[in-house]
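Chains, contacts and geometry: an overview
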Amino acid sequence: MKTSNTLLITRSILKLVKQPTAPVLGFIMSLFFLIVYNAGIGGIGYLDAFGEKGYLAFIFPITIISLAMGSSSGAGQTLYADMQSGYFRRMYLSPASRRMLVLAPMLADTLSSVFLTGMLLAIGVLFGLPFQFGLLSASGVLLLSMLWAITLCGFSAGVMLRTGKHQSAAIITNAVFPLLFLSTTFLPRELIISQWLISVSWANPVTYVLEANRYLLGGTASRELFLLGLLILTVTALTSSVFAFNSAGRIKV
Amino acid sequence: MAPEIFFKNISKKYPSGTEALKGVNLEVNKGELFSLLGPNGAGKSTLVKIATTLIKKDSGEFLIGERNPDHDPKSIRQYIGVALQDNELDPSENAESLLRFQGRLFGLSKAQAMQRADELIHTFEIDAERTKKSHTLSGGNKRRLHCALALVHKPRLLFLDEPTTGMDPEARDRFWQTISRLNKKEGVTVFLTTQYLEEADKHATQMAMIMEGAIRYVGSVKNFKQRVNAEKHGTLEESYLAYVKQTQEHEAMFV
């Protein structure tokens, strides 16, 4: 990798390490979800609809989703801070790749999200989290987490670059939040009473992220849903990255 | 010898509708200390932004150090050094780390970047500030660090847009000693825009006058002063003010 690319990525990671508020809050929020939901309504895991692996395997994917939601604004905020100080323009005037100026904070966010997902998985193991395919499942969850993180931080960075407002870096979190409640987040489809909610959940991409993870953990979703989830996340991650790169060309310098 | 800066019919219109540049033609030779003068909003900063590849022209052609921005903008950025109006400093980093990082971004090895940082810290007399975070520096020291960053990779062409704004007279004097040495001894071409016309008067040999997006005069500073104030031996500032007034009066006759 070119030296300037390595430098920019290292700088973004160090920035995140020095100011870890967003990922740490995301992690705490996820841990909170995991503990509270498992303790509060974990008992319904004995119902047949949850399979044999219980409620923990079912609810765990929500912690991964909320983790990236909490930390996805980091890239946008790093870019905003650099633009506010004028330092972004200095880097923009260097021979370094201008796309890497946008990609580096996104990569830092994604790495942080994958690392923290690994920590959540380790905590999950302590709680008795099952892995349908052993280490392969853990790797799959990390891959899905990476694609989800790229999706969120790419859109977050792109929106911030286009609007120039740091508040907009968190707009993606706010946009995704309602989708959590319009999905099979807390209950499988078999236990959802409302027909309209079931219909909406089919059209909600978050559903497929959840189900793909559930296939890997408790095995309560089908292989087809996993593949569909993987495909959807790959497409959204690519779209988000292209959106962020194109936004780099619209920066007012 | 090919000019160091070559602009041919450069135009730029902003989305707001403002026509910032209207077919600018300009050449700057290697080794010159060239000053671009003009009132606020005349198009000086837009021209500098285009030349430094910060923004794109709408039409026309230009070459920087014989490099074409349409084909190889990165090589232009490697070739030039830029200090624009606003300080561009990461507030959470100190002077030394900023200079080293800048050197590394421009392809210097770790050892070279460290050595160059030491040289510039010494040249710009910010030794006492080297480990202080940039947001804690005084306005003048921020400005010095900002200018030092433009020189890390030893550029052959330097764009200075209002470089001494915020510096005290002593710091300005030291800054100009450094720039003059680079220009005279190392042959670095300097393209300057400044509101301090006494600086242009003292240091620039060639100049251009831009008004309303068009170049109105190109030539030596001496000729400009003679042309505007033939009888008097005034300063560049006096000549500049007289020229702007004459031009505005002349244009008012045709409105």
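Rules used throughout
- Residues numbered from 1 in each chain as written.
- Chains lettered and ligands numbered in written order.
- Predicted model: local features only at pLDDT ≥ 70, side-chain atom pairs only at ≥ 80, totals over all residues.
- Heavy atoms only, no water.
- Salt bridge = Lys/Arg side-chain N within 4 Å of Asp/Glu carboxyl O.
- Helix = DSSP H or I, 4+ residues; strand = E, 2+ residues; numbered from the N terminus.
- Buried < 20%, exposed > 50% of the residue type's maximum accessible area, 1.4 Å probe, protein only.
- Core = buried A, V, L, I, M, F, W, Y, C linked by side-chain atoms within 4.5 Å.
- Patch = residues over 30% accessible without salt bridge, like charges linked within 9 Å, V, L, I, M, F, W, Y side chains within 5 Å.
- Areas by Shrake-Rupley, 256 points an atom, 1.4 Å probe, with all protein chains shown as cover.
- Pairing = 2+ DSSP bridges.
- Axes fitted to C-alpha atoms, helices over the stretch in contact; angles between N-to-C directions.
- Contact = heavy atoms within 4.5 Å.

**Focus: the pattern of salt bridges**
For the coordinates displayed, the defined rule picks out 23 salt bridges over all chains. Note that D82 of chain A and R11 of chain A form a salt bridge whose closest N and O atoms lie 2.9 Å from each other. You can see D82 of chain A sitting in helix α4 (residues 73-85) and its partner R11 of chain A sitting in helix α1 (residues 3-18), a full 71 residues away along the chain. In this structure D82 of chain A comes out as buried when scored by relative accessible area, which is 5%. Residue classification places R11 of chain A among the buried positions, given a relative accessible area of 11%. One continuous salt-bridge network, built from bridges that share partners, spans R11, K15 and D82 of chain A together with D90 of chain B.

**With respect to the nonpolar core**
In this structure, W148 of chain A together with I64 and F159 of chain B are the most contacted members of the largest nonpolar core, which totals 148 residues. By residue number, the principal contributor to this core is helix α7 (residues 135-163) of chain A, which donates 13 residues.

**Focus on a nonpolar patch on the surface**
Residue and element names in this part refer to chain A. Among the surface-exposed residues, F32, I35, V36, L126 and F127 lie close enough to one another that they form a single nonpolar patch of about 510 Å² accessible area. Of all the elements in the fold, those that place two or more residues in the nonpolar patch are α2 (21-41) and α6 (98-127). Considering every element that reaches the nonpolar patch, the biggest residue donor is α2, with three residues.

**Re the pairing of strand β5 (residues 80-83) of chain B**
All names here are of chain B. Burial along β5 is two-sided: I80 and V82 and G81 and A83, pointing in opposite directions, are all buried. By the bridge criterion, four bridges tie β5 to strand β6 (residues 157-161) in an arrangement that is parallel. Of the residues in β6, the one forming a bridge with G81 is L158.

**Quick word on the sheet that holds strand β8 (residues 206-211) of chain B**
All names here are of chain B. With respect to topology, six strands assemble into an open sheet ordered β5-β6-β7-β3-β8-β9, the strand pairing being mixed. In this open sheet, the two edge strands, each paired with only one partner strand, are β5 and β9 (214-220). This sheet shows a mean twist of 15° between the axes of neighbouring strands, independent of strand direction. Across four bridges, the pairing between strand β3 (residues 33-37) and strand β7 (residues 189-193) is parallel. Counted as the bridge partner of L33 is V190 from β7. Contacts between helix α5 (residues 139-151) and the sheet are confined to β5 and β6, with β5 contributing the most and set at about 165° to the helix.

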